[in-house]
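Chains, contacts and geometry: an overview
Chain by chain, the residues:
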Amino acid sequence: MILRRSIALLLCVLSATAVAESESFVFYRQDTQIGRLVVEVDGNAAKVDFDIKDNGRGPTVAETLTLDAAGLPASWRITGTQTFGGKIDESFRRRGDTSSWKDSGGPGSARGASKLYIAQSASPWALQVYARAILKAGGPIDVLPGGTLALTKGERLSLQGAAGELAVTRYDLTGLDLNPTIMLLDDAGRLIALPSASGGMVRTGFEGENPRLRKLAADWQSARWTVLQRESAKRFDGPVRIVDVRIFDPVAKRLTAPVSVVVNGQTISGVQPVDSPATPGETVIDGAGGTLVPGMFEMHGHLGESGAMLNLLAGVTGVRDMGNSNSVLDALDRRIIAGEVAGPRIVRSGFVEGKSPFSANNGFVVDSEARAVEAVRWYAARGFTAIKIYNSVAPQWVPALVAEARRLGLRVMGHVPAFTSADAMIAAGYDEITHINQLALGWIIKPGEDTRTLFRLTALGRLSGLDLDSAAVQSTLDTMKDKGIALDPTIGIHENLLLNRDGSVAPGAVDYFANMPIGVQRDLKQAWSNPDTFGGDASARAAFGQLMDLLRRAHAKGIFIVTGTDTGGSLTYHRELELLVKAGFTPAEALSRATLDMARYLGIDQTTGSIARGKRADFFLIPGDPTRDIKAIKTISLVAKDGVFYLPTEVYPRLGIKPFVAAPKITAPGRD
């Protein structure tokens, strides 16, 4: 969700008084160019051509718009496709005092004084329009179709471009999403850059500034999360006693009788009878008969500082990172361990990708087997626990990668590279298959078909014709069971891909939709893909039904299912567990899998995964019983990680999220 929103924001900046007939921008993933934005300006009219392709996918957008004398959009037409191929067909027009629009949520209109319209699927040229409108108003402005935008002025800096130095000012735009959008504007109000630690956008002529801007963006973003951590993390002097709670026991898969849980420092110092008296100097938290659940593990993350905090607030105290900028992940991990920013415990997986026109630009992108093996050695020397193989790795390299990983004690997992099959990768030594579609592709595609593109998703339209009782399917599943090959299905991302429809709230988001900012709500009513690419709506729905049935069969057969999302975790992680329940897990089994089972799988169950004396104080508090209804985990009132406590009621409003439940009563030592 958040990644999709971030991509959408990288698409829209406009100029009311354009000074050039043509403007262009370059987009980066790290230091690799992945897209462009070209704008042709004619008076108060503009045409925008935007395209990004990374990892064989990305949005393609065309816009035409006109601005009125005040610099506000008078008309706007946006067409194209989203990252996963969903159709874009958006329009806006203002006539007199009436504004009307149509986006993926359907038509809308408003009457009255002219307001700035915020496009749902525009290119980053629009951010310039928004910024200029706010600057002209001198402060926050109410916008259509709802919400308020504000702009905070930051520092001045000088950029070196092809034509010399240019003075720019940093501004942070808030109100669109959970996180501010950082932009650099020149003194004429032109957008010059959208810096990001992972890449971003710069105006043509300033490409040489991308490495510097990435570093600045990382520092700016970190400063925000440092402040949030300092102001929200609660470190109590003396022990903390959580009274009147039941504990979810992941071994027995049931709740205990009411108890008190005592935390001292980073660890749990006791699980005591509920009526045990407090000792002098204790802070007391009233559990009010609720349930204390061990911290959960998101096993398919691509973590950044925003996602780190959001996962923690959702009860996720451990994340297995499945591919990242190695330097960005290292810096984040160090800052979390030092307590500078909030975040889960990170378990690192090393990303290995082959060089091709469709490469994903994470980790190491290599052009030979020898370099791929060198990457494995690099990861092992730095404490990574596994390697993840990706789409463009040559299949013939995999045995050498597996052999080196085995020699160095690393697990091997990943996508099924193009032009091979899951069966071949299992035979080569995979320990885990990543994504349920990667497992299924070998049964439905033909030799020579290229899965480095969106075809690895659109081919799922063929699933309706697959017999899951066939010898081929059963042979693969039996081999996985016999060899102990795990499956990381990320079933929730496939639900979004195959079932989300324009105008309807995404099925997995119905329980948190109303708590989100307006921009996030609009995204949650937008289809990710075009059902026609799967053969039509019925075929897309049937494909998801087949994936769920495949997951159900894999679980029933005894294949170990890993709990990961690839959608940022946090609130979407809760949905992943719901879908496991729909696939045959009991709620208690799903919660046990998300906690102690994952800690065992990662080899850290001696210190975490359950609530017991001597273990890390990693847990969350909810009012309900998740063994009866897995949805109970969505109402979290308190989270602890390493004995540091967080109240979502305090943090969520600062991210634009309405809290889901009230905070527990906390009594300081010496007070009634």
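Residues numbered from 1 in each chain as written. Predicted model: local features only at pLDDT ≥ 70, side-chain atom pairs only at ≥ 80, totals over all residues. Heavy atoms only, no water.

**Here we look at the overall build of the protein chain**
Here is the rule we go by: Strands are runs of DSSP state E lasting at least two residues, helices are runs of H or I lasting at least four, and both sets are numbered from the N terminus onward. Atoms counted for the radius of gyration: C-alpha only. Globule rule: 2.2 Å times the number of residues to the power 0.38. When a residue's accessible area, from a 1.4 Å probe over protein chains only, is under 20% of the maximum for its type it is buried; when over 50% it is exposed; and in between it is partly exposed. Every residue pair with non-hydrogen atoms within 4.5 Å of one another is taken to be in contact.
The number of helices and strands found in the protein chain is 17 helices and 32 strands. What you see for the protein chain is a C-alpha radius of gyration of 25 Å, in line with the 26 Å of a compact globule of 672 residues. Considering only C-alpha atoms, the protein chain reaches an extent of 75 × 70 × 45 Å along its principal axes. Evaluated residue by residue, the protein chain yields a buried proportion of 59% over its 672 residues. Sequence separation of at least 24 residues holds for 64% of the intrachain contacts in the protein chain that already meet a minimum separation of 6.

**Notes on unusual backbone geometry**
Cis geometry is adopted by the peptide bond preceding Pro 145, which originates at Leu 144 and carries an omega value of 5°. If you trace the backbone, Pro 145 turns up in the loop between β10 (141–144) and β11 (148–161). For Asn 55, which is not glycine, the phi torsion reads 60° and is therefore positive. Turning to its location among the elements, Asn 55 is positioned in the loop between β3 (45–52) and β4 (60–67). Non-glycine residue Ser 570 carries a positive phi angle of around 55°. By relative accessible area, which is 9% here, Ser 570 ends up buried.

**Concerning the pattern of salt bridges**
Spelled out, the test is: The working definition used for a salt bridge is a side-chain nitrogen of Lys or Arg within 4 Å of a carboxyl oxygen of Asp or Glu.
Scanning all chains against the criterion turns up 51 salt bridges. Where Lys 215 meets Asp 219, a salt bridge forms, and the shortest distance between an N and an O atom there is 2.8 Å. Taken as a pair, Lys 215 and Asp 219 lie in helix α3 (residues 210–232) at a separation of four residues, close to a single helical turn. Across the pair Glu 650 and Lys 234 runs a salt bridge, and its minimum N-O distance is 3.2 Å.

**A few points about the packing of helix α11 (residues 471–483) against helix α14 (residues 537–557)**
The line we're drawing: For helices, the axis comes from a line fit to the C-alpha atoms of the stretch in contact; other axes are also lines fit to C-alpha atoms, and the angle between any two N-to-C directions lies between 0 and 180 degrees. Each angle receives one of four descriptions, namely roughly parallel if under 35 degrees, roughly antiparallel if over 145, roughly perpendicular if within 65 to 115, and oblique otherwise. We call a crossing left-handed when the near helix sits turned anticlockwise from the far one by less than a right angle, and right-handed when that turn is clockwise.
The contact between α11 and α14 brings their axes to 10 Å, and the two run at 40°. Comparing their axes, α14 and α11 come out oblique. Relative to α14, the crossing made by α11 is right-handed. Residues Val 473, Gln 474, Leu 477, Asp 478 and Lys 481 of α11 form the contact with α14, whose own contacting residues are Leu 550, Arg 553 and Lys 557.

**Looking at the pairing of strand β7 (residues 98–103)**
So the rule is basically this: Following DSSP output, two strands are said to pair if at least two bridges run between them.
Going residue by residue along β7, you find Ser 99, Trp 101 and Asp 103 tucked away on one face and Thr 98, Ser 100 and Lys 102 left uncovered on the opposite face. Sheet topology note: the β7/strand β8 (residues 106–111) ladder contains six bridges and is antiparallel. Within the sheet, the bridge partner assigned to Lys 102 lies in β8 and is Pro 107. Counted along the chain from β7 to the antiparallel partner β8, the turn is two residues long.

**A look at the packing of aromatic side chains**
Here is the rule: Only centres within 6.5 Å qualify two rings of Phe, Tyr or Trp (six-membered ring in Trp) as a pair; their planes then separate them into stacked at under 30 degrees, edge-to-face at over 60, and tilted for everything else. Look at NZ for Lys and CZ for Arg. If either is within 6 Å of the ring centre and within 35 degrees of the ring normal, a charge sits over the ring.
A complete count under the given rule lists 15 aromatic pairs for this structure. Taking 4.8 Å as the distance between ring centres and 45° as the angle between the ring planes, the aromatic pair formed by Phe 351 and Tyr 390 counts as tilted. Residue Phe 351 is found in strand β23 (residues 345–354), and its partner Tyr 390 is found in the loop between β25 (386–389) and α7 (398–408); the two are separated by 39 residues along the sequence. We classify Phe 351 as buried; its relative accessible area is 2%. Here the aromatic rings of Tyr 652 and Phe 660 are separated by 5.8 Å at their centres, their planes lie at 80°, and the arrangement is edge-to-face. The class for Tyr 652 is buried, based on a relative accessible area of 4%. Put simply, the rings of Trp 76, Phe 92, Trp 101 and Tyr 117 pair up and form one aromatic cluster. Between the NZ or CZ atom of Arg 224 and the centre of the ring of Trp 225, over which it lies, the distance is 4.8 Å.

**A look at the environment of Phe 351**
Taking the C-alpha atoms as reference points, Phe 351 and Ala 428, separated by 77 residues in sequence, lie 18 Å from one another. In contact with Phe 351, not counting residues within four places along its chain, are Met 322, Gly 323, Ala 360, Asn 362, Gly 363, Phe 364, Tyr 379, Lys 388 and Tyr 390.

**Here we look at the side chain of Asn 55**
Keep this limit in mind: Polar contacts, as used here, are pairs of N or O atoms within 3.5 Å; protein pairs need one atom able to donate a hydrogen and one able to accept it. Residues neighboring in sequence count only if both atoms are side-chain atoms.
Owing to a relative accessible area of 6%, Asn 55 belongs among the buried residues under this scheme. For Asn 55, the side chain forms a polar contact with the side chain of Tyr 390, separated by 2.7 Å.

**Digging into α14**
Convention followed: Expected span of a helix: the number of residues minus one, times 1.5 Å.
Its 21 residues give α14 an end-to-end C-alpha distance of 30 Å, which sits within 8% of 30 Å, the value for a rise of 1.5 Å per residue. Those residues of α14 that are buried lie in contact with α9 (436–444), α11, β28 (486–488), α12 (491–499) and α15 (571–582). Where α14 ends, the next residue or the one after it, Gly 558, has phi of about 100°, a positive value.

**Some words on the environment of Asn 530**
With respect to the helices and strands, the residue Asn 530 is situated in the loop between α13 (518–523) and α14. When its relative accessible area of 12% is taken as the criterion, Asn 530 is described as buried. Remark: the alpha-carbon pair of Asn 530 and His 300, spanning 230 residues in sequence, is separated by 25 Å. Beyond its immediate sequence surroundings of up to four residues, Asn 530 is in contact with Gly 85, Gly 86 and Lys 87.

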